[in-house]
Each structure stands twice: as structure tokens, then as C-alpha cells.
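# A look at the structure
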Amino acid sequence: AVRLAKKFNGEVISADSRQVYKGLDIGTGKITKQEMQGIPHHLLDVANPRKQFSVAQYKTLATKSLQYIVTNSKLPIIVGGTGLYIDTLVGRINFPDVAPNPLLRKKLAKKSANELFKILKNKDPRRAQMIDSNNKVRLIRALEIIEIIGKVPTFKFTPFSNFIYIGLKPYNLGQRIYKRLLKRFDGMIREGKKLHTQGLTYGRMHELGLEYRYIALYLQGKLSRREMVEQLYIETRRYAKRQMTWFKRNKKIKWFTLSSVEGFKPTEFKKITEYARMAL
């Protein structure tokens, strides 16, 4: 994305549901200032991790960034793995404006993630297919919407000819995930300890999912280092599979495959550049 931004005078809008939070850097794999290479990045570090940040809030802030970039005659490049955020921003999804239901939330909060997932699977199997079955916050929100409108709405797609979609299929994804996990492990633990001393509870870390859920369990002595690595690796693979389930619905995505663990070869990146130039 940074390389494309340099070629096409662009700026990046992050579409990552956890990189919006301040301090969640190593666990989320947030891009560093050095890696940005001077390319402006929007929607990073805009929320307090102790508070929930909704897709509606994301759309409001990201739309402002989108307008700002276009107004300045730059190319907006939306980057990330949170398909819901991407599709909401570009208008592929009309997300329901359902107000929080405190009583229902309190009632559902007493149930385990497994119980909530079973309820959702029964009420809306399609939504259950694409949700993190361990994320109580998202499970409760999905059930909250169902309570009001009967089901999580079928996504309404609207044609946006001004957007092109580029998908990357990494070579040997499992190996890349595992190596990345080992490389970040010590840093994630230090980050988790720091966040906890700053007031981020273990319960909230659990809600934030993936790395932070397992960091919390490790710091509480509920998992050994080996158990954390093994379980987080399995859960990350599952998450990647859910991501692909989501993105496969969008037939406009042009997929490019990396042929090595190191990344793109010059010829492969050239193909992406040529595709982008023609499509734009």
C-alpha cells in the first residue's frame, strides 16, 4: 500500500478494528513511522482502548478522512483486514442504526461466548459464519440487532465504480503467521503488561480478541508460553479463514499471489501497479 501510495500520490486509510486503539501496537502489527516512509496514514490511534469503538464511529471518522484526501487531490487507499469496516466505508453495506439495549446487554453478558454463539447460529447462521465466535462484544451486538430488526441485515450492495479492489494471497500463510507470532511474542507481553498498568483490565483485553485475549491469559498465569503460542496460532489461522470467507463475497476483488515468504517479487508488484493504473 505504501509503495502504491508513492506511485499514485496517495494516502492510506486504515481499516483495522483494533489498530484504531492507542497503545495496541505490537499485538495488532500496527505500521511504524519508519515503515510509513512519509505516507500519511489515517484512522490509527483514534480511540481509547478502555472504551468500545463501533463500526458507526469508524465510518464517521473514515469518511471525513476520505473527503479530506480527495479534496487535496490525493488518492485514498483503504487498507486492512476488517472487511466490515471496508465495506461500510465504501458503501457496500448499509449498516443498521440500532441503539444499544442496556437491559438486553446485561442479560446476554451473563452467558458464555460459546452460549452466545450457539444462539446466534440458530437465529442467523449466515452472520455466525463470519463472526469471531469468542468475541462476546460482537456476539452481543449481533444479537442486539437481531432483537430489534429480526436478524442481522442482509448486506445491501451498491455499485461503486470509483473503487477498485486489490486482494493479496500470501505464499504459505500458515508459516508466515507462525514466524510473525514468534517474532512479536516478547514485545506483545511487554506491551500487555504496560497496557494493564495503564488501566486496561484483563476483561477488556479479552474483549479485544486474538493476541490481547491470549496475552491476558498468559499474564494471569492461565497459559504457559508454549500454550499461548499454540492456541494463538490456531485462532489466528481461523481468523484468516473467516476473513477469506468475507472477502470471497466481493467478486470485484482482483487477487494477486505472493510467490515467496519474503514478499512480492519486482515482477509481481509490477503486475499490481499495472492493474491499478489501468483500473484507475
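Preceding this section is the structure that the text describes.
Calculation notes
The residue count restarts for each chain, going from 1 along the sequence in the order it is written. For this predicted model, a pLDDT threshold of at least 70 governs which residues receive local features, and a threshold of 80 or more governs which side-chain atom pairs are given and counted, while totals over whole chains, interfaces and linings are taken from all residues. To obtain the side-chain values, all non-hydrogen atoms of the structure were used and water was disregarded. Under this scheme, a helix contributes an axis fitted over its contacting stretch, all axes are lines through C-alpha atoms, and angles between N-to-C directions fall in the 0 to 180 degree range. For the purposes of this entry, the term helix denotes a DSSP run of H or I that reaches at least four residues, the term strand denotes a run of E that reaches at least two, and both are numbered from the N terminus. The sense of a crossing depends on the near helix, which, turned anticlockwise from the far helix by less than a right angle, makes the crossing left-handed and, turned clockwise, makes it right-handed. Residue contacts are counted whenever heavy atoms from the two residues lie within 4.5 Å of one another. Nonpolar residues are Ala, Val, Leu, Ile, Met, Phe, Trp, Tyr, Cys and Pro. Charged residues are Asp, Glu, Lys and Arg, and all others, Gly as well, are polar. What is meant by a nonpolar core is a set of buried Ala, Val, Leu, Ile, Met, Phe, Trp, Tyr and Cys residues, joined one to another through side-chain atoms within 4.5 Å. Relative accessibility under 20% of the residue-type maximum defines a buried residue, over 50% an exposed one, and the middle range a partly exposed one, all with a 1.4 Å probe and only protein chains included. Paired strands, as defined in this entry, are two strands with at least two bridges between them according to DSSP. Residues adjacent in sequence count toward polar contacts only when both atoms are side-chain atoms; beyond that, a polar contact is any pair of N or O atoms within 3.5 Å, and within protein one must be able to donate a hydrogen and the other to accept it.

A few words on the packing of helix α6 (residues 113-123) against helix α8 (residues 136-149). Packing of α6 against α8 brings their axes to within 10 Å, and their N-to-C directions diverge by 35°. In the crossing of α6 with α8, the sense of the turn from one axis to the other is left-handed. Residue-level contacts link Ala113, Leu116, Phe117, Ile119, Leu120 and Lys123 of α6 to Lys136, Leu139, Ile140, Ala142, Leu143 and Ile146 of α8. In the contact of α6 with α8, the residues fall into 10 nonpolar, no polar and 2 charged.

Here the focus is the environment of Tyr202. Looking at the element boundaries, Tyr202 is found in helix α10 (residues 202-208). Beyond its immediate stretch of four places on either side in the chain, Tyr202 contacts His196, Ala216, Leu219 and Gln220.

Time to look at the nonpolar core. Within the largest apolar cluster, 41 residues are counted, with the highest numbers of intra-cluster contacts made by Tyr58 and Met228. Breaking this core down by element, the ones donating at least two residues are α3 (55-71), α4 (83-89), α9 (173-197), α10, α11 (210-219) and α12 (225-247). Once residues within four sequence positions are removed from consideration, Met228 is found in contact with Phe185, Met188, Ile189, Tyr214, Ile215, Tyr218 and Leu223. Leu104, Ala128, Leu143 and Ile146 belong to the second largest nonpolar core, which has 13 residues in total.

Before going further, it helps to spend a moment on the sheet that holds strand β2 (residues 41-42). A sheet is described by the order of its strands in space; here 3 strands give the open sequence β2-β1-β3, paired in parallel fashion. Edge positions in the open sheet fall to β2 and β3 (75-79), since each of these has one partner strand only. Pairing of strand β1 (residues 10-14) with β3 involves 5 bridges; the strand directions are parallel. Bridge pairing links Ile13 to Ile78 in β3. Across the sheet, α3 lies against β1, β2 and β3, angled at about 180° from β1, the strand it touches most.

Time to look at the environment of Arg242. Within the secondary structure, Arg242 sits in helix α12. Residue class for Arg242 comes out buried when judged on its relative accessible area of 14%. Arg242 sits 166 residues away from Pro76 along the chain, and the two C-alpha atoms are 26 Å apart. The contacts of Arg242, once residues within four sequence positions are left out, are Gln129, Met130, Ile131, Asp132 and Glu235. At 3.5 Å, the side chain of Arg242 forms a polar contact with the backbone oxygen of Ile131.

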